[in-house]
Amino acid sequence: MSDTGRPAIEEPRLTTRRVRRRRVPRHVLVALPLALAGLISLLVSGNTLRPFEHITTLDAKMASKSDFFKDPEVRRLLLRHGIRVDIHRLGSRGIATQSLKDMDVVFPSGQPAAKLILDRQEGSVASVRPFVTPLVFGTFRDYAETLVKAGVATPQRTPGGGDTLYYDLDMRRFMGLLDGKDGGRTTADQDGDGKTEGADTWNGIGFDTTGGHSNSGRVLVRTSSVCESNSAGTYLSLVAFVANRNSTPGTQNVNDPQLARDAVTDLAARIKPLISLQGMWADEQAESYLSDLGESIAPISLIYEHQYLAHQIAYHDSHGRQDTDRVLLYPTPYALTEPQLISLTDRGDRLVRILEEDGELRDRAIELGFRVRFSGEDGTSERLNAYLRAHGIQVPVPNADQTKVYEPGLDVLEEIIDYVGNCPPPAQDTP
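First, a word on what this report is: a plain description of the structure on this page. Please read all numbers here as calculations on a predicted model, not as lab measurements. Position numbers for residues start from 1 in each chain and track the written sequence from start to end. This being a predicted model, a pLDDT of at least 70 is required before a residue's local features are given, and a value of 80 or more before pairs of side-chain atoms are given or counted; all residues contribute to the totals for chains, interfaces and linings. Heavy atoms from the whole structure form the basis of all side-chain values; hydrogens and water molecules are not counted.

This brings us to the nonpolar core. The biggest cluster of nonpolar side chains holds 91 residues, and the ones touching the most others in it are F69, F137, L147 and Y235. Helix numbering and strand numbering both begin at the N terminus, where a helix is a DSSP run of H or I of at least 4 residues and a strand a DSSP run of E of at least 2. Looking at this core, the element that brings in the most residues is helix α8 (residues 230-243), giving eight residues. It only takes one pair of heavy atoms within 4.5 Å for two residues to be counted as in contact. Apart from the residues within four sequence positions on either side, L147 is in contact with V152, A153, L169, F174, L177, W202, I205, I300 and L329. Among buried residues, the Ala, Val, Leu, Ile, Met, Phe, Trp, Tyr and Cys ones that are joined through side-chain atoms within 4.5 Å form a nonpolar core. Remark: exposure states derive from per-residue accessible area (1.4 Å probe, protein chains only) relative to the maximum for the residue type, with buried under 20%, exposed over 50%, and partly exposed in between. Residues A63, A96, V106 and A113 belong to the second largest nonpolar core, which totals nine residues.

Dropping the structure here:
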């Protein structure tokens, strides 16, 4: 107490608290530059608000041309329009004969399947045929040169000399190698090497004298199922057209329905062995042909031109040169396929309009090897040829013989397909 008797009062003391600053977590510091880079990328590309935009997902059944919609650049361009495509992969004829319930669009690879689909619709629908691509045979150089020696193929000239990527194939002569007989005999010395070998085998026509290889297997074209695939159906039309003396099947005896039907059945019976001798059908021909084991899987595969050209472009970009081991056979007569995107809903209509109007999508189709149909003032093939030249790829030259295969009417084609493929009845339901 103080001397006055009052309790002593202490002076108040000022105290300070040391506040510890929280450090920014290390993982945040590491991620910050990446986030900034992503933001800058979105700003530059004009996609800053993309995560907040509504994306419409379309359900689609597509055949081989689904490759176009699976391309990362095409997917990016469609996202700019707020469209994403969920693809259900199926052969063109399978698309045409199976249920289309809940589908927004379908994309068969050729006109026969497209017409079957359109016939199932109750009214008119939006559709577009954006590009065309020829049917071709993918093979390997030694096999192509064997066909040259056999007198059925001719190499196309290259502008600067060197190995060609393309050969013209005489289908009439080539089909003479598919029946397994030489003058009615199953064995013969077809290549004149003094050895009697199996008729219409690769060794029989001289493959064993090319590059020190040997293959005693039959000469044939590996295809997918004629019951499911547009490419196989188109090949069947090609073979039937040639076997019918370059005339469309079903166009004879039009005034006598019974004679006309008998002629189609007889034709189907004659060409069936040329198709069915390969045994079990194989899917994804281009994928097998372009794989590392392609030559051991099949000497000749039925593919589309755009698949080969897309491979060559990608190969040149990564290797600085063309893939000269793989070559194309262009058949004469030739067959052109026209894929058709068909809308089944209002949402599908949007995709049709986009494909019709977006110039960048057309440009991308050319970069993927397609011959674009609606390319403005430029020709269908010339823009593709210019792109190939710019990327160091040999440009294929049209054959002087421009005979084109005209597919038969749907009823005739279906009859031939069913006869050759023993196809099961279609499981159709409402559109």
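What helix α15 (residues 382-390) keeps buried is the set L384, N385, Y387 and L388. Mapping the buried residues of α15 onto a view down its axis gives an arc of 160°, with all of them on the same face. Turned more than 90 degrees away from the buried face of α15 sit R389 and A390, all of them exposed. To obtain the arc, one takes the directions from the helix axis to the C-beta atoms.

This part takes up helix α9 (residues 257-276). To estimate how far a helix should reach, multiply one less than its number of residues by 1.5 Å. Along its 20 residues, α9 runs 28 Å from first to last C-alpha, staying within 8% of the 28 Å computed at 1.5 Å per residue. The angle separating two fitted axes, one through the seven residues that finish at a residue and one through the seven that start at it, defines the bend at that residue. Where α9 bends most, at R270, the angle is about 30°, and the proline P273 comes one to four residues later. Among all positions in α9, only A260, V264, L267, A268, I271, L274 and I275 are buried. Residues of α9 that are buried in the fold lie against α7 (171-175), α8 and α16 (410-421).

Turning next to the pairing of strand β10 (residues 301-304). Burial of β10 is two-sided: the residues S301 and I303 facing one way and the residues L302 and Y304 facing the other way are all buried. Alignment of strand β5 (residues 131-140) against β10, held across four bridges, turns out to be antiparallel. Its bridge partner lying in β10, L135 is registered against Y304. Any two strands with at least two DSSP-identified bridges between them are counted as paired.

Our next topic: the packing of aromatic side chains. Whether two aromatic rings pair depends on their centres lying within 6.5 Å, for rings of Phe, Tyr and Trp, where Trp uses its six-membered ring; planes under 30 degrees apart make the pair stacked, over 60 edge-to-face, and the rest tilted. Tallying each qualifying case throughout the model produces 14 aromatic pairs. On the numbers, 4.2 Å between centres and 10° between planes, the contact of Y143 with F207 is stacked. One end of the pair, Y143, is in helix α6 (residues 141-149); the other, F207, is in the loop between β9 (197-198) and α8, and 64 residues separate them in sequence. Here F207 falls in the buried class, since its relative accessible area comes to 1%. By definition here, charges over rings are those cases where NZ of Lys or CZ of Arg is within 6 Å of the ring centre and within 35 degrees of the ring normal. The side chain of R326 reaches across the aromatic face of Y289, ending 6.0 Å from its centre. Here K404 stacks its cationic end above the ring of Y406, 4.8 Å away from the centre of that ring.

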